[in-house]
Amino acid sequence: MTPALSTSLTKSFIQLVLVSFLYTTGINLQAQAISAAEIRTEMGKILDVLAAYDYDKSRSWLPDLQHLMMEVYKNPEALSEVEPLMIEFLQSDARAAGKQYVCRELGVIGTALSVPVLSELLVAPGMAGTALLALEKIPGAQADQALLKVLVEEDEVLQIAVINSLAARQVTAAIIPLTRLMRSDNEKLALSAISALGSIAGAEAAKNLYDFSDEAPASLKWAVLDARLKCADRFMEGGDKKNAAIIYEKVYQADPPETLKYNALAGKFKTSSEDPYNFILNHLRQEDPEFHPYIIQLAYQLDDGQKLGRIFDDMRESQNIPTLHLFAALASIGDFSVHQEVIASLVDREEEEDVRMAAIRALASIGEPSDALLLAELAASAKGPEKELARQSLYMLPGSKTNEKIRSGIREETGDIRAELIRSTGERNMDEATELLFEFTSDPDPNVRMESIRALGKLASPEILSDLITVLMQTDTRRERQEAERAIYAVTQKMPENADQSASIIGALGNAEDPEVLASLINIIGMIGDGKDLDVLREYLESGEEGVQLAVIRALSGWPDAGPMEDLKQLASSTDDQRKHTLALRGYVDVVLADNQMSNDDKFREIRHAYDLSTSTAEFRIVISGLSRIGSLEALDMAVRLLENPELRKEAEAAVVRIAEQTSWAYPKETTRQLNLVLKKINNKEVEQRIHRILDRIN
Amino acid sequence: MKIQQNRRHFLKKSIAGTAGALVFPAILPARVFAAPGRTLPNDMINFGLIGVGEMGSGHLRSFIEFDDIRVKAICDVNSEDANLAVEFTNNRYGSQECTAYNDFRDLLARKDIDAVLIAVPDHWHSLIGLEAARQGKHMYYEKPLSLFFRECQAMRQAINRYGVVFQLGTQQRSDERFRFTCELVRNGKLGILEKITIGSASYTPVGIQPEEPIPDWLDYDLWLGPAPLVPYTHLRCTRNFTLIYDHSLGCISGAYGIHHVDIAQWALDADLTGPVEVEGRGSIPEEGLYDTIHTWKAVHTYANGVKLEYLDHISARKQIPQFNIPNSMGILFEGNKGWVYVARGYIDAEPKSLLKTIIGPDEIQLPRSNDHRRNFLDAVRTGSPVICPIETAVRSDTVCHQADIAIRLGQKLHWDPVKEEFINNPTANRMLSRPMRSPWHL
């Protein structure tokens, strides 16, 4: 490779004027105007460099060319200065790679002036593709003629290329030669010509294709029909329904492959004067069942007033009603007339899973309030995806009347159906149901109780928080208590940010005689994490109940800042109880990392201390996991050193990658140095790949 | 459920001017009919994969888990990749039923294949999609829809003409966080929406790449297909093709950006339209193989005045506090009552209570899909609409093309979303298409 030629003058010139504004100022800044003469001069310099360009050489001129072209695009005077230079370039002995770039630009700015040189290039060995980059896009009859002239060449590859360009340009003057080529013995040429005639379309092309239909060899037959359909579609776009209808009908009658048959059918549907319902019904009756799904697609084109649900009655005698596809289509377009049939299929326990699923799904769009109970029943009795689908349809069933049905259903139904209805109140945002839900938090059925508590978490307002705390105190099982903890916490989060979110819970601590309830309340205080509550929790750290103590440690561990750091550190330093030690150590690490105010240096110091307090491999791993979240060079260095410990190597490798991903932005050099060291130490392909990705990004 | 835009209207509008409907079914070849009045759908969807590189092989591992498809054919111009994927499939099935192909046309010509995955370089997307549609194959189609805008229109016409199911691989619509965010926006939970900011991916440039001998396992001419003829260098034919302008628009489209643009469009209920104005600035690397736009800022304006600021995430994290987190490839929606920032695996909001919002049945609820591939297969089996149909694909792609063209032209552009062209700007309109290398053509 030869060294890249420099365009430093151009670069400095253009960049000075245009580029430097990108991220420092608004995008509306207008570049300083450059005169056409200046543009010509600069373009000349770039083209001089471009003349020697090849694919494996520097393309440092490209940004300059693009910036300069921006000026050309908006300055007609500059265009007239630049185009002759490009023409001259194409006539020169510049390399093909450079000419390719110039032709791309001429494709955007070129005029009739460029056509002669492009015509020459078109027939030059190996340059047709390059010439067409411009010629295909230059508007006007001169370019059309240049392409047409080449059609007579005895060069199949060139002919096909030109045919495709004529088709893209929709050159009507090409219809006659293309019609001749359509009858060529060369099948590739014939196929290209047929396709091009379809693209150009119009009355003449349509007639010529029609004339050829009967005589076309079997290998071309479907291509001709396809091209004729394209002509019909274009007639439709131009408002000529009559000619379009003729083609659609004839192609349909020719019994083509299903894709073409569908195209013809859809065209017939749009051009037919027959009642749309009857059209669909009659075709369903006449056509092979395999084609029915295509016919049903026509439903998507119906007006709102059209109802297709009666089709089930009108086809009752048929062996093959495409139920599945009708359910899906009619539900999608919101055709409520299919409702009865959908319900019947569910009540009759339709055996086919796909049909049943389509029916359930349909109710989300076309269901009625009374369907809520049916859906709840299905959700209660079904399993897997069907259960989930029934739930989703229940949640999406519209209207306030549906909500009324659900409320009355909760009272009237029992067991799992009641539980599903209760569950839906939360998902449907039925806040008017909260009173009712409280009633069912003491239902004998544990599922009903669980769902009631869960829904209350979504719906209850802070004003009734104390009622929810009472529910927590009355729960019998750990599962319910945990659900109540989540619900109470969710409700506290609905309070304004300056409200005392934990007041009610702290107020309830004194009334909690059951240690498990007490632990739950402590858990919630931990979730809220209000600094003023730390002293309250510290009191309970001295509790004689181990469960309460552990709850306090967990609550402190989940704190959103480093407020309880010293408590946890102290505990980890002093306790002989291994379980409490590990919990406290984990909490110590967690609160350090959670703190937004602490610097990375301080965090690292604390994590380093946590490492020193660790007494088992499991604890070391907890600390290393925490270390990996600190984006500092000290953390990276520690992680690298930990690679030497075989027991911790895996965790250390993961930490190195994670830390390096963070430090690579601010400390690319230091990170690179460390990562290169690590690559020499490790033998883990996945980690190596990840490190290389970071290094690639840095470099 | 109050659907802001009636689905019937959506579907009708989306097919205006062309034949056909949005999505549909028909696993016809193997359909079985049972008792009178009841159709038994056949058990298996015979499936083919076109492109089993990094993306396609991932799809293979996921699709093969569905028990209602059977992977019958695999195609790749890289014979090593194709053979490995076939071996994996046949080992999994304990049979020899899956066959390898080099040329997608041979796979698509098989009558027994019902549906295909298309996961090839961007410059090939539409041509293979068009042929698949012509052959009546339903398709899960990796994003983006197109390399240049006219391909979008050709694909829309083909899908509508031939009546096959089309799902674009912008799978964030099947992610609960993104759907929830869009529902918050659509239901006015942020107040009046003022601005959307997208942080897309960025990339590391590479130097000049030498010409290399074409490996014997690669059909390089077919790999290039409609792209300009250029010498082989191995980096071109890796996943990084997305960074080369002959093959992709880069991070502004297929290399991530399209995902977030698609979500912005969804949140704005703009699946039948799009921005009406765009301007932008950007840069390409000074040197090397990769020449797609590297850093940029484009500002799109919708007809309702909402601004979409579209940036690479490196720029976004420097400029906007919400992006200064580990996952800075995200979308920020800002209204006069709050904001939501959403990225893959991450969501944040202010006020935080927004995150606890329950969208009730009488509010705007968006279609639910929790598995993008399953959503596609359901559409193939039952005719239910897919979550990323062709019209949304066209409109999301359009936004990416707008940004790319505006940056390259350095001009403020005005777009007519009905005529689908720039207003009074023939130069910009000429950038809506690219000639293809013969014999390939739309």
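In this text, all values refer to a predicted model and were calculated from it rather than measured experimentally.

Student: Which residues make up the overall build of chain A, and what are the values?
Tutor: Within chain A, the secondary structure is distributed over 41 helices and zero strands. For a compact globule of 699 residues, the expected C-alpha radius of gyration is about 27 Å, and chain A comes in at 38 Å, more than 25% above that figure. Counting only C-alpha atoms, chain A reaches 100 × 80 × 50 Å along its principal axes. Within chain A, the proportion of its 699 residues that are buried is 55%.

Student: Can you break down the sheet that holds strand β12 (residues 307-312) of chain B residue by residue, with the values?
Tutor: Residues and elements named next belong to chain B. Strand order in this open sheet of nine strands is β15-β14-β13-β9-β12-β11-β10-β16-β17, and the pairing throughout is mixed. In this open sheet, the two edge strands, each paired with only one partner strand, are β15 (346-350) and β17 (421-422). Relative to β15, strand β14 (residues 339-343) is paired through five bridges, and the arrangement is antiparallel. From the neighbouring strand, V342 faces β15, where its bridge partner is I347.

Student: Describe the domain arrangement of chain B, naming the residues involved and giving the relevant values.
Tutor: Residue and element names in this part refer to chain B. Looking at chain B, the domain boundaries give domain 1 (7-171) and domain 2 (173-368 + 391-430). The C-alpha centroid of domain 2 is placed 25 Å from the C-alpha centroid of domain 1. At the interface, 36 residues of domain 1 touch 39 residues of domain 2. With both chains or domains summed, domain 1 and domain 2 bury close to 3,200 Å², and 60% of this area falls on carbon and sulfur atoms. Taken together, domain 1 and domain 2 are joined by three salt bridges. Of the charged contacts, one joins E391 and R156 as a salt bridge, the two residues approaching to 3.0 Å between their closest N and O atoms. Counting every contact that joins domain 1 to domain 2 gives 21 residue pairs in polar contact (both at pLDDT 80 or more). Among the elements of the structure, α1 (7-14), α2 (54-63), α3 (79-93), α5 (122-134), α6 (149-162) and β8 (166-168) are those that each provide at least two residues to the side of domain 1 that touches domain 2. Taken together, the residues of the side of domain 1 that touches domain 2 break down into 16 nonpolar, ten polar and ten charged.

Student: Give a description of the sheet that holds strand β3 (residues 45-50) of chain B that names residues and reports values.
Tutor: Strand pairing in a sheet relies on backbone hydrogen bonds. The paired strands run either parallel or antiparallel. All names here are of chain B. If you trace the six strands from one edge of the open sheet to the other, you get β5-β4-β3-β6-β7-β8, paired in parallel fashion. Each edge of the open sheet is held by one strand with a lone partner, namely β5 (99-101) and β8. Across the sheet, the mean angle separating the axes of adjacent strands is 20 degrees when strand polarity is ignored. Sheet topology places strand β6 (residues 115-118) next to strand β7 (residues 138-141); four bridges connect them, and they run parallel. Bridge assignment links I118 to a residue of β7, and that residue is Y141. Here α3 sits on the sheet in contact with β4 (69-75) and β5, set at roughly 160 degrees to β4. With respect to the sheet, α5 is in contact with β3, β6 and β7, its orientation differing from that of β7 by roughly 160 degrees.

Student: I'd like to hear about the environment of F327(A), residue by residue, with values.
Tutor: All names here are of chain A. In this structure, F327 sits in helix α19 (residues 323-332). Between the C-alpha atom of F327 and that of H339, which follows or precedes it by twelve residues, the distance is 8.9 Å. Apart from residues no more than four positions distant in its own chain, F327 is found in contact with F312, V338, E341, V342, S345, V355, A358, A359 and A362.

Student: Break down the nonpolar core for me, citing the residues and quoting the values.
Tutor: In terms of nonpolar packing, the biggest core is built from 350 residues, with L122(A), I311(A), I522(A), M139(B), L145(B), F166(B) and F333(B) touching the most fellow members. At ten residues, the largest contribution of residues to this core is made by helix α12 (residues 390-409) of chain B. In this view, I311(A) contacts Y277(A), I280(A), L281(A), L284(A) and L326(A); residues no more than four positions away in its chain are not counted. Grouped together as the second largest cluster of nonpolar side chains are 25 residues, F63(B), I69(B), Y93(B) and A115(B) included.

Student: Give a detailed account of the pattern of salt bridges, specifying residues and quantitative values.
Tutor: A side chain with one charge can pair with a side chain of the opposite charge if their charged atoms come near. Counted by the stated rule, this structure contains 70 salt bridges over all chains. Between R621(A) and E651(A) there is a salt bridge; the shortest N-O distance is 3.1 Å. With R621(A) in helix α37 (residues 617-627) and E651(A) in helix α39 (residues 649-666), this residue pair connects regions lying 30 residues apart in the sequence. On the basis of relative accessible area, E651(A) is assigned to the partly exposed category, the value being 22%. Here E391(B) and R395(B) are joined by a salt bridge, their closest N and O atoms 2.9 Å apart.

Student: Give me the interface of chain B and chain A: which residues, what numbers.
Tutor: Listed per partner, the contact involves 96 residues of chain B and 100 residues of chain A. For the pair chain B and chain A, the summed buried area comes to about 8,200 Å², and 53% of that belongs to carbon and sulfur atoms. Across the contact surface, chain B and chain A share five salt bridges. Here D226(A) makes a salt bridge to R161(B), at a shortest N to O gap of 2.7 Å. Taken together, chain B and chain A are joined by 24 residue pairs in polar contact (both at pLDDT 80 or more). Split into classes, the residues belonging to the side of chain B that touches chain A amount to 40 nonpolar, 31 polar and 25 charged.

Student: Kindly report on the side chain of D271(B), identifying the contributing residues and their values.
Tutor: Along the chain, the position of D271(B) falls in the loop between α9 (257-267) and β10 (277-283). There is a polar contact of 2.9 Å between the side chain of D271(B) and the side chain of R173(B).

Student: Tell me about the packing of helix α22 (residues 371-381) of chain A against helix α25 (residues 415-427) of chain A, residues and numbers included.
Tutor: All names here are of chain A. Interhelical geometry of α22 versus α25 gives an angle of 115 degrees and a closest axis separation of 8 Å. The pairing of α22 with α25 is recorded here as roughly perpendicular in orientation. Classified by chirality, the crossing of α25 by α22 is right-handed. Contacts between α22 and α25 involve A372, L373, A376, E377, A379 and A380 on the former and, on the latter, D416, I417, E420 and L421. The residue makeup of the contact of α22 with α25, split by class, is seven nonpolar, no polar and three charged.

Parameters at a glance
- Residues numbered from 1 in each chain as written.
- Chains lettered and ligands numbered in written order.
- Predicted model: local features only at pLDDT ≥ 70, side-chain atom pairs only at ≥ 80, totals over all residues.
- Heavy atoms only, no water.
- Helix = DSSP H or I, 4+ residues; strand = E, 2+ residues; numbered from the N terminus.
- Rg over C-alpha atoms; globule rule 2.2 N^0.38 Å.
- Buried < 20%, exposed > 50% of the residue type's maximum accessible area, 1.4 Å probe, protein only.
- Pairing = 2+ DSSP bridges.
- Domains from an automatic or database assignment.
- Contact = heavy atoms within 4.5 Å.
- Buried area = accessible area lost by both parts, 1.4 Å probe.
- Salt bridge = Lys/Arg side-chain N within 4 Å of Asp/Glu carboxyl O.
- Polar contact = N/O pair within 3.5 Å; in protein donor to acceptor, adjacent residues only side chain to side chain.
- Nonpolar A, V, L, I, M, F, W, Y, C, P; charged D, E, K, R; others polar.
- Axes fitted to C-alpha atoms, helices over the stretch in contact; angles between N-to-C directions.
- Core = buried A, V, L, I, M, F, W, Y, C linked by side-chain atoms within 4.5 Å.
- Parallel < 35°, antiparallel > 145°, perpendicular 65-115°, else oblique.
- Left-handed = near helix turned anticlockwise from the far one by under 90°.

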